[in-house]
Amino acid sequence: MNEILVPHEGEYESYYTGYVNWVIGKDIPSLLLEQVDEIRKFYEQMGEEKSLLAYEPGKWTGKEVLGHIIDTDRIMTFRALCFARGEKAALPGFDQDQSVVNADFNHIPLSALLEDFEFSRKALVSLVKNLPESSYTNIGNANGFRVSVRALIHIIAGHAQHHINVLKQKYV
């Protein structure tokens, strides 16, 4: 594991502490790809039909959870790229619930969502591996909060781990 990738306290909003703590000390690029395999296996066992179900009223379906992970990965990756390249402008937040509604993930074949997740994760890992080390500590403003590039990378992995845990507990 590359120590320069490990975020320090104060490089991210306290809301994200749980996400960061789940993955701190792990080889993040490897973990990001391992999560692809873990999610693929989970959803292949779940199947298309069950992926359209939520574990209780008002909760997202399995497909919506996967779509949310993909969207969040992309948004956090965009933020990391912007800050790695020195962007000083504040970046907006996003409404995750509205995003899920607008995406209509339930009408996308599960195989297509899984493929999308895999492709986006491979692109993310390529970015992480090719960023100059000096950019990992760059700080930007997203959704009104200071956050570093390396914190965003950890948040991506931790956010997915959070949803993997929820999927395993509630969806099967």
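Please read all numbers here as calculations on a predicted model, not as lab measurements.

*Asks:* It is not clear to me how the packing of helix α2 (residues 28–50) against helix α3 (residues 62–84) should be interpreted in this structure. Could you clarify?
*Replies:* How two helices pack is summed up by the angle between their axes together with the distance between the axes. Look at α2 against α3: their axes get within 11 Å of each other, and the N-to-C directions meet at 155°. For the element pair α2 / α3, the angle class is roughly antiparallel. Here α2 and α3 pass one another in a crossing that is left-handed. Mapping the contact onto sequence places I39, Y43, M46 and E48 in α2 and G62, K63, V65, L66 and I69 in α3. For the contact of α2 with α3, the residue count by class is six nonpolar, one polar and two charged.

*Asks:* Quick question: what am I supposed to make of unusual backbone geometry here?
*Replies:* Glycine aside, a negative phi is what most residues show, and trans is what most peptide bonds show. Positioned with a positive phi, D104 is a non-glycine residue whose angle comes to about 55°. Locating D104 in the fold gives a position in the loop between α4 (96–103) and α5 (110–130). Among the residues examined, D104 registers a relative accessible area of 38% and is labelled partly exposed. The backbone phi angle of N143 is positive, close to 60°, even though this residue is not glycine. You can see N143 is positioned in the loop between β1 (139–142) and β2 (145–148). Overall, the relative accessible area of 43% leaves N143 in the partly exposed class.

So, how was this worked out
- Residues numbered from 1 in each chain as written.
- Predicted model: local features only at pLDDT ≥ 70, side-chain atom pairs only at ≥ 80, totals over all residues.
- Heavy atoms only, no water.
- Axes fitted to C-alpha atoms, helices over the stretch in contact; angles between N-to-C directions.
- Helix = DSSP H or I, 4+ residues; strand = E, 2+ residues; numbered from the N terminus.
- Parallel < 35°, antiparallel > 145°, perpendicular 65-115°, else oblique.
- Left-handed = near helix turned anticlockwise from the far one by under 90°.
- Contact = heavy atoms within 4.5 Å.
- Nonpolar A, V, L, I, M, F, W, Y, C, P; charged D, E, K, R; others polar.
- Buried < 20%, exposed > 50% of the residue type's maximum accessible area, 1.4 Å probe, protein only.

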